[in-house]
Amino acid sequence: MDLLKDILYNTDKPWNQFYGWAHAGWANWGWPPFILDIIFQLCFAVIIAVVLILNALWIIYYDRKIAALFQIRKGPNRVGPLGLFQTIADTVKLLIKEDINPKAVDLAVFFLAPVFIFIPTFMVMLVIPFGRGLIPADLNIGILYVMAITGLSVIGILMAGWGSNSKYSLIGGLRSAVQLVSYEIPMMLVILTIVMMSGTLSMGGIVQAQAGYKWFWLPQIVGFILFLIAGNAEVNRAPFDLPEAESELVAGFNTEYSAMKFAFFYLAEYVNLFITSAIAATLFLGGWEGPLLPPVVWFFIKTYFVVTLLMWIRWTFPRLRVDHLMEFSWKYLIPIALLNMVVTAFVIKLV
Amino acid sequence: MTIKAPFELEKISSDEYILNMGPQHPSTHGVLRIILKLDGETVRDIYPDIGYIHSSVEKICENRKYEMITPFTDRLDYLSAVNYNLAYVMAVEKLLGVQVPERAEYMRVMLAELNRIMSHLMWFAAYGMDMGALTPIIYAFREREEIIDIMEGMTGGRMIHHALRIGGFKYDLQKDFMERLKKFLSHIDDRVDEYEALLINNIIFTARTKGMGILPKDMAINYGVTGPSLRGSDCAYDLRRNAPYSIYPKFDFKVCTGRNGDTWDRSKVRMDEIRESARILRQAMDGIPSGDIMAKVPRIIKPAPGEYYSKVECARGEFGAYIVSDGTEKPYRIKFRSPSFSNLSVIREITIGTKIADVIAIMGSLDLVIPEIDR
């Protein structure tokens with residue numbers, strides 16, 4: 001019972017015990033210890049992949065249900081209880097569909113694009129603190145790593161746009177490049193402010209800095225809102241869904257994709273949504289901290305709170321125009337973020 | 001395969017490219033093909049290519065008896081069929097010299113106005129989609145469904161009702177028509193307010209539509225633009241008021257106009273017109289008399305030789321039916337004047353220099369229905 005409680009609430013304690021015990025046993029056999037570490041890391045990778053896919057399946061269902069709530073309809077309710085297996089059915093359908101490669105595509109680029117989009121979303125999970133001690137690798141440059149890796153996905157979208165050899169795709173890809181680059185700057189500035197407040201780049205450290213319910217969303221309310229806006233733009237969801245603007249560009253950068261390649265784009269969108277929300281929860285809502293319930297549960301509650309907020313925005317607003325989008329970032333978000341950073345710096349220095 | 005376009009391919013500079021939008025495209029609302037000459041995202045030239053669903057309705061009509069033509073007018077515009085029926089039916093009645101009973105006139109106005117609301121709601125729904133808002137479509141369909149149900153009870157048809165007959169109606173209003181209409185009218189104004197708050201007054205929407213696609217009044221008149229698209233340009237021209245037909249003079253309603261003739265004004269005019277149509281419906285509900293619903297129409301319709309043009313204000317503008325009779329059971333020639341055709345013609349003037357997204361916004365604000373353009 002105590003062990004179960006420790007696993008849920010204080011994961012690093014039983015983990016360290018187990019880790020030490022395993023290493024001791026390993027040393028008895030006389031094999032070099034780094035092999036065991038590699039095995040552990042492979043296990044982590046598999047666990048993360050499974051969690052990621054299951055979560056993506058669930059989040060797609062959740063988005064559709066939320067959409068149904070806002071749109072006074074029922075949403076998926078046929079496959080399985082409450083339609084819970086709808087996404088699985090959709091995935092199976094996409095898996096068994098014919099994989100079409102149009103004649104004119106640049107095959108290598110076309111093929112690699114979904115991979116390039118999906119892999120970074122998987123890599124970011126490495127530094128997300130799911131609970132106390134439940135972080136795959138608490139890098140000391142955690143948040144910088146996140147920004148660097150999420151920046152990679154723009155290459156994937158550009159590749160999809162270019163490799164498809166279709167005008168709609170190309171416009172979508174270029175729009176996406178412009179959008180992601182412009183919105184990364186305010187996001188970066190907000191994160192910088194948080195780093196100034198917490199004094200660390202490590203994701204675990206940022207959560208620790210907010211311990212005792214001194215969550216950053218209240219002192220950084222401006223930053224929180226900016227982060228939500230920029231984060232929403234980063235994941236290409238309405239009102240920032242210009243790269244795949246359905247009514248203008250048919251489907252934007254993924255116009256020519258079908259079957260499982262399309263599914264990768266689709267999955268990546270939702271995983272990105274989850275990651276952005278998870279980072280928002282970590283930076284502003286105190287990560288896994290919370291009373292009574294296990295930290296993991298708190299982490300997911302907070303993440304899904306942000307996810308719901310973003311979905312709410314998505315299903316309410318019309319799409320921005322491409323020049324308004326740029327204007328909004330460069331004329332409003334970036335100056336406000338800079339001002340916010342300067343003010344925060346002064347306050348930190350004075351207090 | 002080369003794209004045939006009015007602008008020659010040699011004249012395209014190295015910065016420019018041609019984008020073929022449609023005939024299968026999510027926001028051309030049917031099979032309209034638009035050829036764009038683009039520089040990046042900026043539109044340098046635009047050419048609408050119509051005729052993909054030309055069904056030669058006018059020619060078919062020459063081989064049909066007069067009473068068999070009414071259903072064809074339904075199919076021209078699947079969103080406001082009654083108004084199109086009305087124009088044709090009125091023309092034939094004038095040729096025959098038939099006086100329609102008053103109750104039938106009231107019923108016609110009621111169905112026509114219900115249809116107008118339905119069409120404007122559909123426009124709102126589709127326009128939301130065009131602008132990237134995914135929720136309005138579901139909301140507007142809720143109200144539209146109520147109207148469709150009323151119309152279904154009345155005529156049996158949900159979209160193409162074939163409601164009118166030459167001389168009046170075949171069937172009277174169904175028993176619960178008034179109740180259902182009353183129920184519908186009790187909340188439509190609130191819903192329109194809600195929709196305006198949701199989309200029309202949304203900050204992103206206004207930023208995208210205000211000052212966009214400005215259609216000056218004289219240009220609109222020169223191109224023959226009619227309906228809400230014309231009234232958006234501050235021209236209070238409404239056939240219900242300016243060339244009254246049926247019993248419209250009896251009703252008190254406002255001709256809604258915009259101020260600048262931009263995309264937002266055209267949108268706002270449509271939302272206001274829903275309210276005005278609801279007002280007309282309320283007055284009609286109070287004033288509807290009892291009595292006959294069908295005039296005495298000869299069994300075989302054989303109008304005297306001659307020609308007649310009758311026009312109505314349909315949801316998209318002025319729809320006219322021109323009939324030439326040679327004294328036989330079948331018309332010698334029929335010509336329909338469809339509003340979307342003229343409204344589309346103005347698109348080149350108001351979209352050049354805008355962005356791709358604006359082409360969608362402007363085209364949507366003209367509220368095109370393709371079968372009616374192609375006929």
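In this text the structure is predicted, and so the values were computed from the model without any measurement. (Residues numbered from 1 in each chain as written. Chains lettered and ligands numbered in written order. Predicted model: local features only at pLDDT ≥ 70, side-chain atom pairs only at ≥ 80, totals over all residues.)

**Quick notes on the overall build of chain B**
Then step 1. When you go through chain B residue by residue, the secondary structure sums to 15 helices and six strands.
Then step 2. In summary, chain B has a C-alpha radius of gyration of 21 Å against a globular reference of 21 Å for 375 residues, a match within 12%.
Then step 3. Seen through its principal axes, chain B has C-alpha atoms that stretch 70 × 50 × 35 Å.
Then step 4. Each of the 375 residues in chain B was classed as buried or not, and the buried ones make up 51%. (Helix = DSSP H or I, 4+ residues; strand = E, 2+ residues; numbered from the N terminus. Rg over C-alpha atoms; globule rule 2.2 N^0.38 Å. Buried ≥ 20, exposed ≤ 12 C-beta atoms within 10 Å, placed from the backbone.)

**Points about the pairing of strand 2 (residues 33-39) of chain B**
All names here are of chain B.
Then step 1. By the bridge criterion, six bridges tie strand 1 (residues 16-21) to strand 2 in an arrangement that is antiparallel. Residue pairing in the sheet places Asn20 in a bridge with Ile35 of strand 2.
Then step 2. The sheet contact formed by strand 2 and strand 3 (residues 42-49) spans seven bridges and is antiparallel. Paired with Ile34 across the strands is Pro48, a residue of strand 3.
Then step 3. Connecting strand 2 to the antiparallel partner strand 3 that follows it, the hairpin turn spans two residues, and Gly40 within it adopts a positive phi of roughly 65°. (Pairing = 2+ DSSP bridges.)

**Focus on unusual backbone geometry**
Residues and elements named next belong to chain B.
Then step 1. In this structure, Ser56 is a non-glycine residue whose phi angle is positive, near 50°.
Then step 2. Residue classification places Ser56 among the exposed residues on the basis of 10 C-beta atoms within 10 Å.
Then step 3. Notably, Ser246 is not glycine yet its phi reads approximately 50°, a positive angle.
Then step 4. Its location among the elements puts Ser246 in the loop between helix 10 (239-242) and helix 11 (263-287).
Then step 5. For Ser246, a count of 18 C-beta atoms within 10 Å corresponds to the partly exposed category.

**Here we look at the interface of chain B and chain A**
Then step 1. Chain B puts 26 residues into the contact, and the matching count from chain A is 24 residues.
Then step 2. Listing elements by their share of the side of chain B that touches chain A, those giving two or more residues are strand 1, helix 4 (102-130), helix 5 (136-155), helix 7 (203-209) and helix 14 (356-365) of chain B.
Then step 3. No other element matches the four residues that helix 7 of chain B contributes to the side of chain B that touches chain A.
Then step 4. Its residues assigned to classes, the side of chain B that touches chain A shows 15 nonpolar, six polar and five charged. (Contact = placed C-beta atoms within 7 Å. Nonpolar A, V, L, I, M, F, W, Y, C, P; charged D, E, K, R; others polar.)

**A closer look at the sheet that holds strand 4 (residues 306-314) of chain B**
Residue and element names in this part refer to chain B.
Then step 1. Read across the open sheet, the three strands follow the order 4-5-6; overall the sheet is antiparallel. The sheet terminates laterally at strand 4 and strand 6 (331-337), the two strands that pair on one side only. The sheet shows a mean angle of 15° between the axes of neighbouring strands, direction not considered.
Then step 2. Where strand 4 meets strand 5 (residues 317-325), nine bridges bridge the pair, whose relative direction is antiparallel. In the strand pairing of strand 5, Glu313 is matched with Glu318.
Then step 3. Its contacts with the sheet place helix 3 (residues 81-96) against strand 4 and strand 5, and it is angled at close to 150° to strand 4. (Axes fitted to C-alpha atoms, helices over the stretch in contact; angles between N-to-C directions.)

**A word on the confidence of the model for chain B**
Then step 1. Across chain B, the average pLDDT comes to 85, with 97% of residues at or above 70.
Then step 2. Of the two predicted TM-score estimates for the complex, the pTM is 0.86 and the ipTM is 0.80. (pLDDT = per-residue confidence, 0-100.)

**Looking at the nonpolar core**
Where a protein is soluble and globular, its nonpolar side chains tend to be buried together.
All names here are of chain B.
Then step 1. By size, the foremost hydrophobic cluster in this structure holds 196 residues, and its most contacted members are Ala87, Val92, Leu114 and Tyr195.
Then step 2. When residues of this core are assigned to their parent elements, the largest contribution, 17 residues, is made by helix 4.
Then step 3. Look past the residues within four positions of Ala87 in its chain and what remains in contact with it is Ser310, Lys311, Val312, Phe319, Gly320 and Ala321. (Core = buried A, V, L, I, M, F, W, Y, C linked by C-beta atoms within 7 Å.)

**Section: the packing of helix 7 (residues 167-198) of chain A against helix 13 (residues 322-350) of chain A**
Then step 1. Contact geometry of helix 7 of chain A with helix 13 of chain A gives a least axis separation of 9 Å together with a crossing angle of 10°. As far as their axial angle goes, helix 13 of chain A and helix 7 of chain A are roughly parallel. (Parallel < 35°, antiparallel > 145°, perpendicular 65-115°, else oblique.)

**Let's talk about the sheet that holds strand 1 of chain B**
Residues and elements named next belong to chain B.
Then step 1. Pairing is antiparallel in the open sheet, where three strands are placed in the order 1-2-3. Only two strands of the sheet have a single partner each, and these edge strands are strand 1 and strand 3. Shown here is a sheet whose adjacent strand axes are inclined to one another by a mean of 20°, direction ignored.

**Overview of the environment of Ile188 of chain B**
Residue and element names in this part refer to chain B.
Then step 1. When you line up the elements, Ile188 lands in helix 6 (residues 177-200).
Then step 2. Remark: the alpha-carbon pair of Ile188 and Ala278, spanning 90 residues in sequence, is separated by 7.7 Å.
Then step 3. Look past the residues within four positions of Ile188 in its chain and what remains in contact with it is Glu143, Ile274 and Ala278.

**Comments concerning the environment of Cys256 of chain B**
All names here are of chain B.
Then step 1. Within the secondary structure, Cys256 sits in the loop between helix 10 and helix 11.
Then step 2. The exposure class assigned to Cys256 is buried, which follows from the 20 C-beta atoms found within 10 Å.
Then step 3. Between the C-alpha atoms of Cys256 and Glu273, which are 17 residues apart in sequence, the distance is 6.5 Å.
Then step 4. Residues within four places of Cys256 in sequence aside, it is in contact with Arg231, Val269, Asp272, Glu273 and Glu276.

**Section: the packing of helix 3 (residues 33-70) of chain A against helix 11 (residues 259-284) of chain A**
Residue and element names in this part refer to chain A.
Then step 1. For the pair helix 3 and helix 11, interaxial distance at closest approach is 9 Å and the crossing angle is 95°. The orientation of helix 3 with respect to helix 11, classified from their angle, is roughly perpendicular. Contacts between helix 3 and helix 11 involve Leu52, Asn55, Ala56, Ile59 and Ile60 from the first element and Leu267, Tyr270, Val271, Leu273 and Phe274 from the second.
Then step 2. Grouping the constituent residues of the contact of helix 3 with helix 11 by class yields nine nonpolar, one polar and no charged.

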